[in-house]
Amino acid sequence: MLLRLRRDASTLAFDRVLQLASELGLVPRFLDEDRTLLQLDPASDADASRQRFADRSLFEDLEAVRAVLESADAPERSQRRADCAETTVRVGDAVFGGGRAALIAGPCSVESEQRVVEIARAVRDAGATLLRGGAFKPRTSPYSFQGLGLPGLELLAAAREATGLGIVTEVLDPRDVEPVAAVADVLQIGSRSMSNTALLIEAGRSGKPVLVKRGLAAKGRELLLAAEYVLDQGNDQVILCERGVRGFDSVTRNVLDVGAIAWLKRETHLPVIADPSHAAGSAELVPPLARAGLAAGADGLIVEVHTAPHELRSDAEQAVSPATFAEIAREAQRILAIDGRTLAQPECQRPKDNREGQRV
Ligand code: PEP
Ligand code: MN
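Rules used in this analysis
Residues numbered from 1 in each chain as written. Chains lettered and ligands numbered in written order. Predicted model: local features only at pLDDT ≥ 70, side-chain atom pairs only at ≥ 80, totals over all residues. Heavy atoms only, no water. Near = heavy atom within 4 Å. Polar contact = N/O pair within 3.5 Å; in protein donor to acceptor, adjacent residues only side chain to side chain. Areas by Shrake-Rupley, 256 points an atom, 1.4 Å probe, with all protein chains shown as cover. Nonpolar A, V, L, I, M, F, W, Y, C, P; charged D, E, K, R; others polar. Pairing = 2+ DSSP bridges. Helix = DSSP H or I, 4+ residues; strand = E, 2+ residues; numbered from the N terminus. Axes fitted to C-alpha atoms, helices over the stretch in contact; angles between N-to-C directions. Core = buried A, V, L, I, M, F, W, Y, C linked by side-chain atoms within 4.5 Å. Buried < 20%, exposed > 50% of the residue type's maximum accessible area, 1.4 Å probe, protein only. Donors = N, O, S within 2.8 Å, 3.2 Å for Na, K, Ca; no water. Expected span 1.5 Å × (residues − 1). Contact = heavy atoms within 4.5 Å.

Participant: Please set out the site of ligand 1 residue by residue, giving values where relevant.
Facilitator: Near ligand 1 you find 13 residues, and of these Arg132, Lys137, Ser191, Arg192 and Arg243 are the closest. Here an oxygen atom of ligand 1 and a side-chain polar atom of Arg132 are 2.8 Å apart. Relative to its unbound accessible area of 290 Å², ligand 1 is 97% covered by the protein chains. Grouping the constituent residues of the shell around ligand 1 by class yields 2 nonpolar, 4 polar and 7 charged.

Take a look at the structure:
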């Protein structure tokens, strides 16, 4: 049940609402900063069945209550509001949102320690502030390489140790959230999992920032509602990702929906990044799509980069070289500067007088 309260209610009238809620086994939660929208949720399943019979008029008649609303009338947590700043997600040197952008780069999947450390060093030197790499891979065919699983997480931990870069890695199963969150600095929910609500809830509960990728054929609204599952766990560290949707033409692997990036930036206070790699499907189309994503308003990029793509067991065709990634990073700075935004730099690359505590 959702109550709209009177702004001018006395403390006494206000306390009466909370007291009745507690008598009915309902947990109160304010949805807005003005404390005028009060969500009442049952504390347990038993309370839930009792609440079904709770008379709305019990609340309607209280002095402090202006109206009893349907929960569906509640503003969503992802919604941008004129009086609220954009949410910024900070992970190590990376900052997404609020006029700041960051680059995530690395292999599609992690396959050996030596290779992932080599790639991590290369992308950090080129301007990435987070390392991506899948240990659990969501493959279309069950016969394709499924990732190294838990041992893959150890390789990512070694790469962080060697480079200081935070780790972005995918979790596929709610049962794996705990071990993945023990290593990951950002939990990635992949396209194929965007509508797995149990996974979104568990990822939200981990307290780690969550990167939610748009489903293969999901609407922008559906992406926002997927994020809502994470936000509803009290975790506001959510980054949205446009990675291309299925189209009728195969000139690119997916259609990078730059319109959706612009729309999302208008609708939500959450940071939005673009994944030009899974949209392009081929290395040579990654740089122009990266430019397009940032020009449409994206707060960063996630790019697949490899030093020996022929060895890759997933998405080899779309992996760009470190040199191409460095060029993408240079272009990103120029594009972001057009509307006064800045790119987060790895600490090791910032001028000495501009290090920790004085971020730009
Ligand atoms: C990936 O990031 O490697 C991946 C599988 O992406 P998506 O979920 O967008 O297909
Ligand atoms: Mn991939």
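Participant: So, the sheet that holds strand S3 (residues 37-42): which residues are in play, and what are the values?
Facilitator: A sheet is described by the order of its strands in space; here 4 strands give the open sequence S2-S3-S1-S4, paired in antiparallel fashion. The outermost strands of the open sheet, each flanked by one partner alone, are strand S2 (26-30) and strand S4 (65-69). Neighbour-to-neighbour, the strand axes of the sheet open up by a mean angle of 25°, direction not taken into account. Across 5 bridges, S2 lies against S3 in antiparallel orientation.

Participant: How would you sum up the nonpolar core? Please name residues and give values.
Facilitator: Val123, Leu131, Val212, Leu240 and Phe325 are the most contacted members of the largest nonpolar core, which has 68 residues in total. Of the residues forming this core, the biggest block, 7 residues, is contributed by helix H12 (residues 322-338). Among the nonpolar cores identified, the runner-up in size contains 17 residues, and Leu20, Ala21, Leu26 and Leu62 belong to it.

Participant: Break down the coordination of the manganese ion (ligand 2) for me, citing the residues and quoting the values.
Facilitator: At this site the manganese ion (ligand 2) is bound by Cys108 (SG), His278 (NE2), Glu304 (OE) and Asp315 (OD), with donor distances of 2.1 to 2.4 Å. Counting the intervening residues between successive donors of the manganese ion (ligand 2) yields the motif C-x169-H-x25-E-x10-D. Here Asp315 lies in the loop between strand S14 (300-304) and H12 and His278 lies in helix H10 (residues 276-280), a separation of 37 residues in the sequence. A relative accessible area of 13% places Asp315 in the buried class.

Participant: Any chance you could break down the pairing of strand S7 (residues 100-106) for me, citing the residues and the numbers?
Facilitator: Note on strand geometry: in a regular strand, side chains alternate between the two faces of the sheet. With 7 of 7 residues buried, S7 lies mostly within the body of the structure. Residue alternation in S7 divides its side chains into two sets, Arg100, Ala102, Ile104 and Gly106 and Ala101, Leu103 and Ala105, and both sets are buried. With 2 bridges connecting them, S7 and strand S15 (residues 342-343) associate as parallel partners. Across the sheet, the residue bridging to Ala101 is Leu343, located in S15. Of the strand pairs in this sheet, S7 and S14 are connected by 5 bridges, and their pairing is parallel. When the bridges of S14 are listed, Leu103 appears paired with Leu301. Taken together, the 2 bridges between S7 and strand S8 (residues 130-132) define a ladder with parallel strand orientation. For Ala105, the partnering residue across the bridge sits in S8 and is Leu131.

Participant: Before we move on, can you summarise helix H4 (residues 113-126) with the specific residues and values?
Facilitator: Relative to the 20 Å expected for 14 residues at 1.5 Å per residue, H4 spans 20 Å between its end C-alpha atoms, a close match to the ideal helical length. If you check which residues of H4 are buried, you get Arg115, Val116, Val117, Ile119, Ala120, Ala122, Val123, Arg124 and Ala126. At its buried positions, H4 is contacted by S7, S8, helix H5 (150-163) and H12. Gly127 sits one or two positions beyond H4 and adopts a positive phi of about 125°.

Interpretation in functional terms is not warranted from these geometric data alone.
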